[in-house]
Amino acid sequence: MTSTTEVTPADESAHEVELMIGGMTCASCAARVEKKLNRMDGVTATVNYATEKAKIAYPSGVEVADLIATVVKTGYTAEEPPPPAPPAVDPEADREPGTPAPAEDPELAALRQRLTVSALLAAPVVLMSMVPALQFDNWQWLSLTLAAPVVVWGGLPFHRAALTNLRHGAATMDTLVSLGTLAAFGWSLWALFRGHAGMPGMRHGFEFGVSRTAGSSTIYLEVAAGVVAFILLGRYLEARSKRRAGAALKALLHLGAKDVSVLREGREIRIPVERLVVGDRFVVRPGEKFATDGTVVEGASAVDASLLTGESVPVDVGVGDAVTGATVNAGGRLVVEATRVGAETQLARMARLVEDAQNGKAEVQRLADRISAVFVPVVLLIAVATFGAWLGVTGDPTAAFTAAVAVLIIACPCALGLATPTALMVGTGRGAQLGILIRGPEVLESTRRVDTVVLDKTGTVTTGRMTLQKVYAAEGVPEEDVLRLAGAVEHASEHPVARAVAAGAEERLGTLPPVERFRNEPGKGVHGRVAGHDVQVGRIHDGPLPEALRAAKEAAEDEGHTAVVVVRDGTAVGVLTVADAVKDTSAEAVRRLRALGLTPVLLTGDNTRVARSVAATVGIAPDQVIAEVLPQDKVDVVRRLQREGRTVAMVGDGVNDAAALATADLGLAMGTGTDAAIEASDLTLVRGDLRVAADAIRLSRRTLATIKGNLAWAFGYNVAALPLAAAGLLNPMIAGAAMAFSSVFVVTNSLRLRAFA
């Protein structure tokens, strides 16, 4: 199985911390911070530009303050994230009518204000420069008046970041933008005050490529102001889209209840959920959310888990059943005993898995980061070479300057930095909404290569519990009488088969009659007196069986089912068949897996006859059934398939599946299974529906395809745009617009994953 841990501590004494990084404006910023942190002894760091976080493993000799100091020395800010707030419902849902909406993110609001002012001032400058008919006498001086605040104040974030980077001997995308816009503005000032551009009656044409005119009469105010406005627009759209991309995780964190009614000495007391402790008993009324994970100790109801698992059908629960925090009580009053609180709840673990996946990096993103780290210095060299080449070939400094500025502005590597993390944020967030938890970005690569899916039978393909299948009655005996007698006697037994018969009888008939003189004879079954009749129920019957009952018993056993004979007053009156029932959705799930190009294999410790019966029911070929496998041998089966050249996915739910899940190229754990299985898996399916396995693989593949599409666009854009700019085929202002919208395109393409269904 591919590694799913982004940061691996070097030894047992290593610690981990997550830092919020401020001041990053492009992928090369993230690459610089990551490089500086990784130069520290024993430190392994991953910095994600989209989430603005650094996940760091560090040895005992290093303090968090040392890590923060290193980031600060690199020219950025760093701080530990605040402790998680108590779970809260959606703030919009709690807001009273007429009260103001929550305040907008201050950073986003400030960026929007800077963009609005800059766009309003830059628009007349661009229009006057592009449309000669709008150029009145001394129009150039009005353009200077309008453009100056855009370049100085609107572009201040770029200039400030470029200066900070310069002090640290580095260059980023801000360096390119700042150099380009200041160069264009500086040239314009020289032409206006020292050249001929300030003369009344001066007119200025606009071309999409490089124009060859007298440098002293050419101004680039529209370039300086337009580029700043376009890039601010790109930054704003990018920032807003990044917040939308992470909205699923925020929604997940806001699912929980805020307070809870706890039972204290027979009285209900309302307390905040963060004060709950394991063992507390709390009341959940119809329509309320479960405050935390627990076990029902009183009452019966239906639970709506759609917000957490994506499953729209409510699930019935009663005494002894487990419930999950943040799900909704859709029926009667329940009393629940808390079994997990705080960071140990399923909701908190889901959020942690999603966030870890969003912070990770796929291998393709590491390649993009390496390119971004060297891209800016290379672009600076290309810009200088472009200026020199144009000047040497044409002798025209104006054309040379225009081409060099276009190179500086077009070459921002932002799209490269956003290609992977934005798709990961949206894909993993959408998965969380559908009950699919993707542990890390490397998982996506595994889903593309998988060609075989091994399905554990018990609890995955089947329900994992014995259920009553069929009732066969002797001639002249009503089926209800057979079931009533058998159910009454079996109700007193704790055997799994007995529980299945009793539960089936209660479900079909309701209340069962009482049993007297009950006794259990190992190997023979159970006996008792019901409604005046001596009743025996067991797998072995010494007396004769009517032909119809004998045939039914043999047919059931041939299918791998357990058959028990019901004897009344010494005469066999019926046969009941019991089996670990196949889930209603398993056959459809197998069809979906086949449609994805996967070969399903059934793996079980049961005997071959039972396994083949289940396989036939769900549509798995007999030659793809591996039965009578001991728990410790499941790993060997997975390895054997891998040696045959197959790339194996494993779906399981039990402790005995954990090792096989970890060995497989891709491990999928049913969320209804054990913690050991979930911890060993790459993908967790929150609800116990095998169809979600196909959805998980499909979502992972779609996310990977989106990442690759984004990277193809980002690489292709830069590869194609740089030669065009160097060849003088792009006006710097058009270059600025293209650069800004390349990043917006990547983020928007990623947001399409929100519609995955």
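Definitions and cut-offs
- Residues numbered from 1 in each chain as written.
- Predicted model: local features only at pLDDT ≥ 70, side-chain atom pairs only at ≥ 80, totals over all residues.
- Heavy atoms only, no water.
- UniProt positions renumbered as here; feature names shortened; annotations may be inferred.
- Helix = DSSP H or I, 4+ residues; strand = E, 2+ residues; numbered from the N terminus.
- Expected span 1.5 Å × (residues − 1).
- Bend = angle between axes of the 7 residues up to and from the residue.
- Buried < 20%, exposed > 50% of the residue type's maximum accessible area, 1.4 Å probe, protein only.
- Pairing = 2+ DSSP bridges.

As recorded in an unreviewed UniProt entry, the protein chain goes by Heavy metal translocating P-type ATPase and comes from Streptomyces ossamyceticus. The UniProt entry for the protein chain carries the following text under Subcellular location (unreviewed entry): "Cell membrane". Listed in UniProt under the heading Sequence similarities (unreviewed entry), the comment for the protein chain reads: "Belongs to the cation transport ATPase (P-type) (TC 3.A.3) family. Type IB subfamily."

K.L.:
Even after reading the chapter, I still don't get the UniProt feature "transmembrane region" (unreviewed entry) in the protein chain, so can you show me in this structure?
P.N.:
Within this structure's numbering, the places UniProt gives as "transmembrane region" (unreviewed entry) are residues 115–133, 139–158, 170–193, 213–234, 371–393, 399–420, 710–727 and 733–751. Regarding residues 115–133, the helix share stands at 84% and the strand share at 0%, and the terminal C-alpha atoms are separated by 27 Å. From the first C-alpha to the last, residues 139–158 spans 28 Å; its make-up is 95% helix and 0% strand.

K.L.:
Even after reading the chapter, I still don't get helix α4 (residues 106–130), so can you show me in this structure?
P.N.:
Along an α-helix, a turn takes 3.6 residues, which lines up residues three or four apart on a common side. A rise of 1.5 Å per residue sets the reference length of α4, with its 25 residues, at 36 Å; its end C-alpha atoms lie 35 Å apart and thus fit the reference within 8%. At A122, α4 shows its maximal kink, close to 30 degrees; a proline, P124, follows between one and four residues later. Along α4, the residues classified as buried are L108, L111, R114, L115, S118, A122, V125, V126, M128 and S129.

K.L.:
Please explain the sheet that holds strand β9 (residues 301–304) as it appears in this structure.
P.N.:
Strand pairing in a sheet takes place through backbone hydrogen bonds and is either antiparallel or parallel in direction. Taken together, 3 strands build an open sheet; the order of strands is β10-β9-β12 and the sheet is antiparallel. In this open sheet, the two edge strands, each paired with only one partner strand, are β10 (315–317) and β12 (328–329). With 2 bridges joining them, β9 and β12 adopt antiparallel strand pairing. Along β12, the bridge assignment pairs V303 with N329.

K.L.:
For this particular structure, what's the right way to read the environment of L641?
P.N.:
Structurally, L641 is set in helix α22 (residues 634–643). Taking relative accessible area as the criterion, L641 reaches 3% and is therefore assigned buried. Along the backbone, L641 and A664 are 23 residues apart, and their C-alpha atoms lie at a distance of 9.6 Å.

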